[in-house]
Amino acid sequence: IKSEHARNLRLARALIPERFAIETYPFDRQPKLDKKRVLSLYDAFDYMPKSQNILWMGPPGCGKTGLATSFLMQAIYRGYTGRYVLFPELITDFLRSVADHSEEKVIKRYLSYDCLLVDELDYVEVEPVQVGLFFTLMHKRHRKRPTLITSNLGFSEWPSFLKNERLTAALIDRLTENSHVINMKNCISLRPKLSQEP
């Protein structure tokens with residue numbers, strides 16, 4: 001009961017908006033996804049002890065968030081601390097920290113989680129200072145603790161929204177070294193289609 005209470009506390013602190021389990025992911029509807037690779041990665045659970053990043057890249061609605069969340073949930077269930085954060089929320093956090101000079105404190109907080117899930121790395125308006133702080137966070141987490149990332153954009157599109165080619169190239173190098181990249185670009189949207197009005 002004590003361990004269950006601790007686990008529930010870790011889950012609550014992770015701020016996961018929707019809790020997904022790998023067992024409920026509709027692999028049958030996603031034939032272009034390498035199911036065997038995803039499940040073996042999940043079952044081996046190497047990404048935590050080996051501090052390996054996992055990046056899911058593909059179009060909106062294909063289930064990236066669900067899969068990434070199930071990996072985060074697994075880490076939490078196995079005794080690790082975790083945190084879910086949307087990329088736009090993360091960089092807003094950074095901007096606020098610049099305003100009140102708490103950048104180190106904010107970065108330290110995100111570094112403290114055993115497993116960090118940054119969801120929806122996508123086109124958002126970012127200031128150079130936010131990109132710099134994001135790079136600092138990813139650089140410091142590198143080799144120490146795993147980061148799970150989902151993105152609708154391919155790596156070639158990252159410089160256009162991060163607006164710094166040199167930093168972006170270094171960031172991609174950091175993130176992809178000692179990591180797994182799950183390519184979902186040929187996967188379909190699983191979201192229900194809205195019926196058209198006649």
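Predicted model only: the values in this text are computed from it and were never measured.

J.: It is not clear to me how the packing of helix H1 (residues 2-13) against helix H3 (residues 64-77) should be interpreted in this structure. Could you clarify?
T.: Helix-helix packing is characterised by the crossing angle of the two axes and by the distance between the axes. Packing of H1 against H3 brings their axes to within 9 Å, and their N-to-C directions diverge by 145°. Here H1 and H3 pass one another in a crossing that is right-handed. Of H3, the residues touching H1 (which contributes Arg 7, Arg 10 and Leu 11) are Met 73, Ile 76 and Tyr 77. A class-by-class count of the residues in the contact of H1 with H3 yields four nonpolar, no polar and two charged.

J.: Is there a simple way to explain the layout of surface pockets in this structure?
T.: A probe matching the size of a water molecule, rolled over the atoms, marks out where space remains unfilled. Of the voids in this model, the largest pocket is the one considered here, and its volume is about 390 Å³. Lining the largest pocket are 18 residues, and of these Gly 61, Gly 63, Lys 64, Thr 65 and Gly 66 sit closest to its centre. Mapped onto the lining of the largest pocket, the elements with two or more residues apiece are H3 and strand S3 (115-121). Considered as a void within the structure, the second largest pocket measures approximately 160 Å³ in volume. Lining the second largest pocket we find Met 57, Gly 58, Pro 59, Asn 152, Leu 153, Gly 154, Phe 155, Glu 157, Val 181, Asn 183 and Lys 185.

J.: Hey, could you run me through empty space enclosed by the protein in this one?
T.: Using the criterion set out here, one finds one cavity of 30 Å³ or more in the structure. Looking at the largest cavity, its volume works out to about 40 Å³. Taken together, Asn 53, Met 138, Arg 141, His 142, Arg 145, Thr 147, Arg 174 and Leu 175 make up the lining of the largest cavity. When contributions to the lining of the largest cavity are tallied by element, the ones reaching two or more residues are helix H6 (128-141) and helix H8 (165-176). Partitioned by chemical class, the residues of the lining of the largest cavity number two nonpolar, three polar and three charged.

J.: Which parts of the structure should I look at to understand the nonpolar core?
T.: Generally speaking, a soluble globular protein has its nonpolar side chains buried in company with each other. Grouped together as the largest cluster of nonpolar side chains are 31 residues, with contacts concentrated most on Leu 33, Trp 56, Leu 67, Phe 71, Leu 148 and Met 184. Elements supplying a minimum of two residues to this core: helix H2 (35-44), strand S1 (53-57), H3 and S3. With seven residues, the single largest contributor to this core is H3. Ignoring anything within four residues of it in the chain, the contact list for Met 184 reads Tyr 25, Leu 33, Trp 56, Met 57, Gly 58, Pro 59, Cys 62, Gly 63, Lys 64 and Leu 67. The next biggest cluster of nonpolar side chains, apart from the first, holds 30 residues, and it includes Val 85, Phe 87, Met 138 and Leu 153.

J.: Would you take a moment to explain the pattern of salt bridges for this structure?
T.: For the coordinates displayed, the defined rule picks out five salt bridges. A salt bridge links Asp 93 to Arg 109, with the shortest nitrogen-to-oxygen separation between them at 2.8 Å. Linking Asp 93 in helix H4 (residues 87-99) with Arg 109 in helix H5 (residues 103-112), this pair joins segments that are 16 residues apart in sequence. With relative accessibility at 15%, the residue Asp 93 sits in the buried group. In this structure, Arg 145 engages Asp 114 in a salt bridge whose closest nitrogen and oxygen atoms are separated by 3.6 Å. On the criterion of sequence distance, the pair formed by Arg 145 in the loop between H6 and strand S4 (147-151) and Asp 114 in the loop between H5 and S3 is long-range, its members being 31 residues apart. For Arg 145, a relative accessible area of 31% gives the class partly exposed. Residues joined in a network through salt bridges with shared partners are Asp 93, Arg 96 and Arg 109.

J.: So what exactly am I meant to see when it comes to the packing of aromatic side chains here?
T.: What describes a pair of aromatic rings is the distance from one ring centre to the other and the angle between the planes of the rings. For the structure shown, the criterion picks out eleven aromatic pairs. A centroid spacing of 5.2 Å and a plane angle of 70° characterise the contact between Phe 87 and Phe 134, whose relative ring orientation is edge-to-face. Taken as a pair, Phe 87 in helix H4 and Phe 134 in helix H6 lie far apart in primary sequence, 47 residues in all. For Phe 87, a relative accessible area of 0% gives the class buried. A relative accessible area of 1% means that Phe 134 is categorised as buried. Pairing Tyr 123 with Phe 161 gives two aromatic rings, centres 5.9 Å apart and planes at 65°, and the pair type is edge-to-face.

What counts and how
- Residues numbered from 1 in each chain as written.
- Predicted model: local features only at pLDDT ≥ 70, side-chain atom pairs only at ≥ 80, totals over all residues.
- Heavy atoms only, no water.
- Axes fitted to C-alpha atoms, helices over the stretch in contact; angles between N-to-C directions.
- Helix = DSSP H or I, 4+ residues; strand = E, 2+ residues; numbered from the N terminus.
- Left-handed = near helix turned anticlockwise from the far one by under 90°.
- Contact = heavy atoms within 4.5 Å.
- Nonpolar A, V, L, I, M, F, W, Y, C, P; charged D, E, K, R; others polar.
- 1 Å grid on protein atoms, 1.4 Å probe; cavity = no way out; pocket = protein on both sides within 12 Å on 5 of 7 lines; lining within 4 Å.
- Points joined across faces, edges and corners; volume = space filled by probe spheres on them.
- Core = buried A, V, L, I, M, F, W, Y, C linked by side-chain atoms within 4.5 Å.
- Buried < 20%, exposed > 50% of the residue type's maximum accessible area, 1.4 Å probe, protein only.
- Salt bridge = Lys/Arg side-chain N within 4 Å of Asp/Glu carboxyl O.
- Phe/Tyr/Trp six-rings, centres within 6.5 Å; stacked < 30°, edge-to-face > 60°.

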